[in-house]
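For reference, the chains in residue letters:
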Amino acid sequence: MHELGVVFYVIDDVKKVAVENNVEHVHSVTLQVGEVSTVIPEYLIDCWNWAVKKHDILTDCELRVERIDAITYCEDCQKTYPTVQYGKICPYCQSEKTYLIQGNEFNIKEIEVT
């Protein structure tokens, strides 16, 4: 489960931003997680809820997770399609000359403070 390591990384970044901005308490953090990023949102939230208890500035901080759909681009027909539904083969022209254009991201979108 690499979600715990991801949570530690996010907590470090959030605490750094909070300190730089003289924030006393972080109310919530919103993450954007790509559909094919290998991060499982439910595990991420469980790890988050455990880890924030160890940091006063994050006590009771809510983690919000937004999914970024995975989209693949076909170089032959120049169309995009849902990656998870169709995989590497383009559903329009059956080409294998495709690549992922979105859906593998992991971003801190928003930090809400009180």
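So, here is what we can say about the structure in this document.

Rules behind the numbers
The residue count restarts for each chain, going from 1 along the sequence in the order it is written. Residue-level local features of this predicted model are given only where pLDDT is at least 70; pairs of side-chain atoms are given and counted only at 80 or more, and the full residue set underlies all totals for whole chains, interfaces and linings. Only hydrogens and water are removed before side-chain values are computed, so all heavy atoms of the structure are retained for them. Secondary structure is summarised from DSSP: a helix means a run of H or I of at least four residues, a strand means a run of E of at least two, and numbering begins at the N terminus for each. Note on classification: 1.4 Å probe, protein chains only; a residue is buried when its accessible area is under 20% of the maximum for its type, exposed when over 50%, partly exposed between these limits. Contacts between residues were defined by any pair of non-hydrogen atoms, one from each residue, lying within 4.5 Å. Note on areas: Shrake-Rupley with a 1.4 Å probe; residue coverage comes only from the protein chains shown. Pairing of N or O atoms within 3.5 Å defines a polar contact, subject to two protein rules: one partner must be a possible hydrogen donor and the other a possible acceptor, and residues neighboring in sequence count only if both atoms are side-chain atoms. Any two rings among Phe, Tyr and Trp, with Trp reduced to its six-membered ring, count as a pair given centres within 6.5 Å; such a pair is stacked if its planes are under 30 degrees apart, edge-to-face if over 60, and tilted if neither.

Quick word on the overall build of the protein
Line of reasoning, step 1. Check the secondary structure of the protein and you find three helices and six strands.
Line of reasoning, step 2. In sequence order, the protein lays out its α and β elements as α-β-α-β-β-β-α-β-β.
Line of reasoning, step 3. Structurally, the protein occupies a C-alpha span of about 55 × 25 × 15 Å along its principal axes.
Line of reasoning, step 4. Counting over 114 residues, the protein shows a buried share of 32%.
Line of reasoning, step 5. Considering only contacts within the protein whose residues lie at least 6 apart along the sequence, 70% involve residues at least 24 apart.
Line of reasoning, step 6. Element-wise, carbon and sulfur atoms account for 49% of the exposed surface of the protein, whose accessible area totals about 7,100 Å².

Points about the side chain of Thr98
Line of reasoning, step 1. One can find Thr98 in strand β5 (residues 98–102).
Line of reasoning, step 2. For Thr98, the side chain forms a polar contact with the main-chain oxygen of Lys88, separated by 2.7 Å.

Some details on the packing of aromatic side chains
Line of reasoning, step 1. By the definition in use, this model includes three aromatic pairs.
Line of reasoning, step 2. Taking 6.4 Å as the distance between ring centres and 55° as the angle between the ring planes, the aromatic pair formed by Phe8 and Trp50 counts as tilted. With Phe8 in helix α1 (residues 3–20) and Trp50 in helix α2 (residues 41–51), this pair connects stretches of sequence that are 42 residues apart.
Line of reasoning, step 3. Its relative accessible area of 42% is what places Trp50 among the partly exposed residues.
Line of reasoning, step 4. Ring plane angle 55° and centroid distance 5.5 Å describe the contact between Tyr73 and Tyr99, whose orientation is recorded as tilted.

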